[in-house]
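Each chain is listed here by its residues.
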Protein chains: 2
Amino acid sequence: MKARSSDKHLSKPSDMNTALKIAEDSDGLFSDDDGILPSLKVSLADKVADYLREAIFRGKIAPGEQLREVPLSKVMGISRGPIRDAMNRLEREGLVTIPRNGRTIVARLTQEDFDEVYSLRLGLERVAMQYTIRNATPADLGEMQQIVNVMVEAVNRGISEKDAADLDLHFHDVLYQASCHKRLQSVWADLRPQIYIFLLSRNVADSDFRIQMTRHQEIVDVIRARDEAQALQVIETHLQVAYNRISKTYK
Amino acid sequence: MKARSSDKHLSKPSDMNTALKIAEDSDGLFSDDDGILPSLKVSLADKVADYLREAIFRGKIAPGEQLREVPLSKVMGISRGPIRDAMNRLEREGLVTIPRNGRTIVARLTQEDFDEVYSLRLGLERVAMQYTIRNATPADLGEMQQIVNVMVEAVNRGISEKDAADLDLHFHDVLYQASCHKRLQSVWADLRPQIYIFLLSRNVADSDFRIQMTRHQEIVDVIRARDEAQALQVIETHLQVAYNRISKTYK
DNA sequence: AATACTAAAATTGTTAACAATTGACAGTTG
DNA sequence: CAACTGTCAATTGTTAACAATTTTAGTATT
């Protein structure tokens, strides 16, 4: 019986035991005392969510895999409570789905998901631009410009898909920060991980991402000019180009 | 010592014991078996969240009050776990804030919050309109028209502020439903309770809400016509008028 | 009166155990 | 073979208790 169970277990690579994979990484990640200031202590749930999120980004945990509380709590050496909280956090970010049966499944992001993510993103970033134009400080603008400079230099030197995605989203992080609109920031925080996944997987398939990197200068310029009508145009174009670029990789 | 504590306790009406207020309502709300199909069984956390959300809407629990797990679990007759989950749910909806110290405080919604909610709402509903125009079925349109008919009739007969708010949001619920855009629906579900609170409190202060009710017919018509450019214009105007109307009540 | 310190109470974070639900599997029936 | 049923293991939901953190109250000092 155990042999049969094992055979079935190995018949689907996507069913490889998630907890075993995580056990490879779990060298005291969760049980150590961080030695940081108590008021900045990071909760176990946050640590677990951060770990799982990264594991999903790296492909260590694949779409369709189920995240089970009990095995995870064993390999992480913590109780199930914080794991539950972490999984609720990941659900909010769209990285997992928790259907009616309560099981937590890593999300498969389809082309339809992509369409939703980018249409929602456009709706958000239009509002963000309106607020950023109003609220961006010279420091914000300086930070955005710095990121663009790093982008341009990196593209010239040769840049990996991951670094491109990191810089791209970091730029938009600062844009949202500059908007001083807490709710926008919150929705962005929830949407960002899905966008990252799309960028990571789709940049591999599309060599034009480097061209897209350099377009961020337009955004900085139009914010600096505080020109709202132009700003909306620029962000729409920016995201539409990104949308089209990634969309092509689904064909 | 106990007498002094009691004196201090009564010195701030907003500090009246939240759990005592909830005890008035908690006649088996949470511990009863619903007798519904098992597959449709509502979790305790959902029940608690629903109850607390309504209590906040009714003003039974006031902005600034702290929701404490232990007293709540005692009066509700359940453990703290589901209460924690419920409070996390309410945080997501912006009804409570959970600062760094972990305490859960019912949110005070300021004019700035109002500004954020409505700007975000506009960004979302533009996207929703684009999708609804594409995806609305005759049944969706029929449902929206039915709600508008009820609105018009109710305004003519005389309608309470609460009923107006209920109908208003129900109309937009259907709009989002018709969009077939899951992420939009999810963000709307999180934003909706805050909008409801603004409508409830501000409708009292502004007698023009009845005029606003009747403007929903325009939305139905433009969706029916599948005219996207016009649709964006209509929803912007609709929300701008609503924004202006409520904004005035802050002066 | 204002500030600082300390201890205790209050509150939240986490854990382990029990309860309830879901899924997998074997056997039976048509 | 497909569909159904029953059993049991797996998994999640909830609870009570312990651990850690934050707040409050009381006292001493300036």
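Residues numbered from 1 in each chain as written. Chains lettered and ligands numbered in written order. Predicted model: local features only at pLDDT ≥ 70, side-chain atom pairs only at ≥ 80, totals over all residues. Heavy atoms only, no water.

A. Representation of the relation of the copies chain A and chain B within the structure. After a rotation of 180° and a shift along the axis of 0.0 Å, chain A superposes on chain B with an RMSD of 0.0 Å. Taken together, the rotation angle and the small translation identify this as a two-fold axis. Taking C-alpha positions as reference, the residue of chain A nearest the rotation axis is Gly123 of chain A, located at 2.4 Å. In this assembly the copies share their binding face: 100% of the residues contributing to the interface of chain A also contribute to that of chain B. (Least-squares fit on C-alpha atoms with pLDDT ≥ 70 in both. Contact = heavy atoms within 4.5 Å.)

B. Seen up close, unusual backbone geometry. All names here are of chain B. Positive phi is not limited to glycine here, since Cys180 has a value of about 55°. Take Cys180: it is sitting in the loop between helix H8 (161-179) and helix H9 (182-205). The backbone of Arg226 sits at a positive phi, close to 55°, despite the residue not being glycine. Summarising the element assignment, Arg226 is placed in the loop between helix H11 (216-225) and helix H12 (228-248). A residue is classified by how much of its surface remains accessible, and Arg226, at 37% relative accessible area, is partly exposed. (Helix = DSSP H or I, 4+ residues; strand = E, 2+ residues; numbered from the N terminus. Buried < 20%, exposed > 50% of the residue type's maximum accessible area, 1.4 Å probe, protein only.)

C. Summary view of the sheet that holds strand E2 (residues 96-97) of chain B. Residue and element names in this part refer to chain B. What the three strands build is an open sheet, ordered E1-E3-E2; its pairing is antiparallel. Sheet topology places strand E1 (66-67) and E2 at the edges, where each strand pairs with a single neighbour. Note that E2 and strand E3 (residues 104-106) share two bridges and pair antiparallel. Residue pairing for E3: Thr97 is matched across the bridge by Ile105. (Pairing = 2+ DSSP bridges.)

D. Inspection of the interface of chain A and chain B at higher detail. On the chain B side, the residues contacting the 27 residues of chain A number 27 residues. Taken as a group, Arg92, Glu116 and Arg183 of chain A account for 29% of the area that chain A buries against chain B, more than any other trio of residues on that side. Joining chain A to chain B, the criterion identifies four salt bridges. At the surface where chain A touches chain B, the tally comes to 16 residue pairs in polar contact (both at pLDDT 80 or more). Breaking the side of chain A that touches chain B down by element, the ones donating at least two residues are helix H5 (80-92), helix H6 (111-135) and helix H9 (182-205) of chain A. Tallying contributions element by element places H6 of chain A first for the side of chain A that touches chain B, with 11 residues. (Buried area = accessible area lost by both parts, 1.4 Å probe. Salt bridge = Lys/Arg side-chain N within 4 Å of Asp/Glu carboxyl O. Polar contact = N/O pair within 3.5 Å; in protein donor to acceptor, adjacent residues only side chain to side chain.)

E. Region of the structure containing the packing of helix H2 (residues 18-25) of chain B against helix H4 (residues 69-76) of chain B. Residues and elements named next belong to chain B. The N-to-C vectors of H2 and H4 enclose an angle of 20°; their axes lie 9 Å apart at closest approach. The angle between H2 and H4 falls in the class roughly parallel. Seen from above, H2 lies across H4 with right-handed handedness. Listed contacts from H4 to Ala19, Ile22 and Ala23 of H2 are Pro71, Leu72, Val75 and Met76. Among the residues forming the contact of H2 with H4, the class breakdown is seven nonpolar, no polar and no charged. (Axes fitted to C-alpha atoms, helices over the stretch in contact; angles between N-to-C directions. Parallel < 35°, antiparallel > 145°, perpendicular 65-115°, else oblique. Left-handed = near helix turned anticlockwise from the far one by under 90°. Nonpolar A, V, L, I, M, F, W, Y, C, P; charged D, E, K, R; others polar.)

F. Quick look at the sheet that holds strand E2 (residues 96-97) of chain A. What the three strands build is an open sheet, ordered E1-E3-E2 (chain A); its pairing is antiparallel. In this open sheet, the two strands that pair with only one neighbour each are strand E1 (66-67) and E2 of chain A.

G. Spatial organisation of H2 of chain B. Residue and element names in this part refer to chain B. All of the buried residues along H2 are Thr18, Ala19, Lys21, Ile22 and Asp25. One face of H2 carries all of its buried residues, which in axial projection span an arc of 155°. The exposed set on the far side of H2, more than 90 degrees from its buried face, consists of Leu20 and Glu24. Structurally, H2 contributes buried residues whose contacts are with helix H3 (44-57), E1 and H4. (Arc of directions from axis to C-beta.)

H. Broad picture of the packing of aromatic side chains. Residue and element names in this part refer to chain A. Counted according to the given criterion, the structure contains 10 aromatic pairs over all chains. When the centroid spacing of 4.5 Å and the interplanar angle of 70° are considered together, the rings of Phe57 and Tyr196 count as edge-to-face. Of this pair, Phe57 sits in helix H3 (residues 44-57) while Tyr196 sits in helix H9; the two residues are 139 residues apart in sequence, bridging distant segments of the chain. For Tyr196, a relative accessible area of 6% corresponds to the buried category. Members of the aromatic cluster, each reached through a chain of ring pairs, are Phe114, Tyr118, Phe198 and Tyr243. Looking at Arg134, its charged tip hangs above the ring of Tyr131, at a distance of 4.5 Å from the centre. (Phe/Tyr/Trp six-rings, centres within 6.5 Å; stacked < 30°, edge-to-face > 60°. Lys NZ or Arg CZ within 6 Å of the ring centre and 35° of its normal.)

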